[in-house]
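What follows is each chain in one-letter form.
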Amino acid sequence: MAAITNIVRAVTYRGREGQIAWMLHRVAGVGVFLFLAFHIADIFLMSFGPAVFDSLMFFYHQFIFKLAIVFLLYPAVVYHGLNGIRVVTIDFWPDLGKKQAKLWRIQMVLFAIIYIPSAVVMLSSMFGSHT
């Protein structure tokens, strides 16, 4: 029954800002969950001794992993957090639900303000040009 309710709720957005926010929130949440599960698993390896743990650390130093952090994980965390704040705000002040599209646009501006400068800093440290 809950799945049907979610589908009906998703369809009522009709592909606009609310639908996009709804889908991105879930995709970002799954991405954050997968990274946290991986991180918990690698921290668990510490219980087998430093040699086992250190043997996995090469993974974190790979260039492709660092790019994934900058372009996949970090934006997912920022988006998921900001959208969560937007959803909680609408939950506390239901009248704001009528302005959810405007709130989402504001959220995306905040996302850009937070993400772009930090991504530039992370990328500049990856490529060795510290500013």
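Before any of the text, the structure's been laid out above.
Residues numbered from 1 in each chain as written. Predicted model: local features only at pLDDT ≥ 70, side-chain atom pairs only at ≥ 80, totals over all residues. Heavy atoms only, no water.

Here the focus is the pattern of salt bridges. Working definition: two side chains of opposite charge can pair if their charged atoms are close together. This model, assessed by the stated rule, comprises 2 salt bridges. Here Glu17 ties to Arg16 by a salt bridge, and the two come within 3.6 Å at their closest N and O atoms. Overall, the relative accessible area of 12% leaves Glu17 in the buried class. According to the relative accessible area criterion, Arg16 is exposed, its value standing at 52%. Put simply, Arg105 and Glu17 hold a salt bridge, and the shortest N to O gap is 2.5 Å. Taken together, the residues Arg105 in helix H5 (residues 100-126) and Glu17 in helix H2 (residues 17-44) connect sequence positions 88 residues apart. (Salt bridge = Lys/Arg side-chain N within 4 Å of Asp/Glu carboxyl O. Buried < 20%, exposed > 50% of the residue type's maximum accessible area, 1.4 Å probe, protein only. Helix = DSSP H or I, 4+ residues; strand = E, 2+ residues; numbered from the N terminus.)

Here we take up the layout of surface pockets. There is about 230 Å³ of room inside the second largest pocket. Lining the second largest pocket are 14 residues, with Val27, Ala28, Leu72, Pro75 and Ala76 positioned closest to its centre. Here the lining of the second largest pocket takes 7 residues from H2, the largest share from any one element. Its residues assigned to classes, the lining of the second largest pocket comprises 13 nonpolar, 1 polar and no charged. (1 Å grid on protein atoms, 1.4 Å probe; cavity = no way out; pocket = protein on both sides within 12 Å on 5 of 7 lines; lining within 4 Å. Points joined across faces, edges and corners; volume = space filled by probe spheres on them. Nonpolar A, V, L, I, M, F, W, Y, C, P; charged D, E, K, R; others polar.)

We now examine the packing of H2 against H5. Interaxial distance between H2 and H5 falls to 9 Å at its minimum, and their mutual angle equals 55°. By the angle between their directions, the pair H2 and H5 is classed as oblique. Of the two possible hands of crossing, H2 and H5 adopt the one that is left-handed. Residue-level contacts link Glu17, Gly18, Ile20, Ala21 and Leu24 of H2 to Gln100, Ala101, Trp104 and Arg105 of H5. (Axes fitted to C-alpha atoms, helices over the stretch in contact; angles between N-to-C directions. Parallel < 35°, antiparallel > 145°, perpendicular 65-115°, else oblique. Left-handed = near helix turned anticlockwise from the far one by under 90°. Contact = heavy atoms within 4.5 Å.)

A contiguous nonpolar surface patch, about 430 Å² in accessible area, is contributed by Ile106, Val109, Leu110, Ile113 and Ile114. Looking at Ile114, the relative accessible area reads 37%, which means it is partly exposed. (Patch = residues over 30% accessible without salt bridge, like charges linked within 9 Å, V, L, I, M, F, W, Y side chains within 5 Å. Areas by Shrake-Rupley, 256 points an atom, 1.4 Å probe, with all protein chains shown as cover.)

The next subject is the packing of aromatic side chains. Enumeration over the complete set of coordinates arrives at 10 aromatic pairs. Between Phe38 and Tyr60 the ring centres are 6.0 Å apart and the planes differ by 55°, which places this aromatic pair in the tilted class. Taken together, the positions of Phe38 in helix H2 and Tyr60 in helix H3 (residues 50-60) put the pair 22 residues apart, joining distant regions of the chain. We classify Phe38 as partly exposed; its relative accessible area is 30%. (Phe/Tyr/Trp six-rings, centres within 6.5 Å; stacked < 30°, edge-to-face > 60°.)

Remark: H2 packs on H3, axes separated minimally by 9 Å, with the N-to-C direction vectors making an angle of 150°. Considering their axes alone, H2 and H3 lie roughly antiparallel with respect to each other. For the pair H2 and H3, the contacting residues are Phe38, His39, Asp42 and Ile43 in the first and Phe53, Leu56, Phe59 and Tyr60 in the second. Counted by class, the contact of H2 with H3 contains 6 nonpolar, 1 polar and 1 charged residues.

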